[in-house]
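Spelled out, the chains give:
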Amino acid sequence: MKCPVCHTNEARLESGILLICLDCETRMNDDVVQLRLSKTNLEHIGIPPQYHDAPIQEVRGSNYVYGNPGTGKTTYVVGIAKFYMSIGASVQFMNVMEVLAELRSLVFKNVAEYDFLYKYLVADVLVMDDVGVRKNSEWHEQTLYLILNHRLNHGLVTVVTGNTNLDGMVGKLGERCVSRLERMCNLVCLN
Ligand SMILES: Nc1ncnc2c1ncn2[C@@H]1O[C@H](COP(=O)(O)OP(=O)(O)OP(=O)(O)O)[C@@H](O)[C@H]1O
Ligand SMILES: [Mg+2]
Ligand SMILES: [Zn+2]
């Protein structure tokens, strides 16, 4: 029997089940991956346009990626986000300072904190770019803690970047956030 998609190759028979040909299956999988990694989707989950072409990094699990300014941290973690998107995981990307500033402005307008944070709490994969850019206020620390603690407790993949190793983050994020990161993450140094 011919493959019902291309009508050219023979259909495959596997364990008594008829399947479309391998060429068509590969082409369809490629199309799905291309759709998952479309600019629209990259934009939608928060990846800045200048990083859309970052090469895919097949890196699994939670990671803390650190290094000096300009060592390629954002490029690297966008690559990880793209890997997870390509396999169909739900991914969110956040620049920590930007998102916390936005949340802070909403809190003043009495928009519920959890409604805003929800998508960052529940995503299969959360990328948190640039933690600890400066010393966090008590409010920043608490909000970061809430996110990290939720993700740790639910075993969700969290990929974080910062410009110092975790010891250097204690003074910026507080001990409780750093201890969550230590428990969750593999360490990657890009210097
Ligand atoms: N593997 C790489 N090879 C060559 N150039 C790279 C690589 N990764 C990133 N770059 C380039 O280096 C520059 C800095 O990359 P990126 O913004 O990812 O670094 P960063 O560590 O996130 O910087 P910052 O600390 O300022 O946030 C960019 O112009 C990027 O295109
Ligand atoms: Mg960066
Ligand atoms: Zn076919």
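Quick note: structure is the one above.
The structure presented is a predicted model; accordingly, all values stated were derived computationally and were not measured.

The subject of this paragraph is the site of ligand 1. Near ligand 1 you find Gly67, Pro69, Gly70, Thr71, Gly72, Lys73, Thr74, Thr75, Asp130 and Asn163, and these make up its full shell. By residue class, the composition of the shell around ligand 1 is one nonpolar, seven polar and two charged.

Moving on, we come to the sheet that holds strand 7 (residues 186–189). As summarised here, the arrangement of the five strands in space is 4-5-6-3-7, forming an open sheet in which the pairing is parallel. A single partner strand is all that each edge strand has here, and the edge strands are strand 4 (91–95) and strand 7. For this sheet, the mean angle separating the axes of adjacent strands, direction not counted, is 15°. For strand 3 (residues 63–66) and strand 7, the ladder comprises four bridges, and the chain directions are parallel. Across the sheet, residue Tyr66 finds its bridge partner in strand 7, namely Cys189. Running over the sheet, helix 4 (residues 96–108) touches strand 4 and strand 5 (125–129) and is turned about 85° from strand 4.

Each value, and the rule that gives it
- Residues numbered from 1 in each chain as written.
- Chains lettered and ligands numbered in written order.
- Predicted model: local features only at pLDDT ≥ 70, side-chain atom pairs only at ≥ 80, totals over all residues.
- Near = placed C-beta within 6 Å.
- Nonpolar A, V, L, I, M, F, W, Y, C, P; charged D, E, K, R; others polar.
- Pairing = 2+ DSSP bridges.
- Helix = DSSP H or I, 4+ residues; strand = E, 2+ residues; numbered from the N terminus.
- Axes fitted to C-alpha atoms, helices over the stretch in contact; angles between N-to-C directions.
- Contact = placed C-beta atoms within 7 Å.

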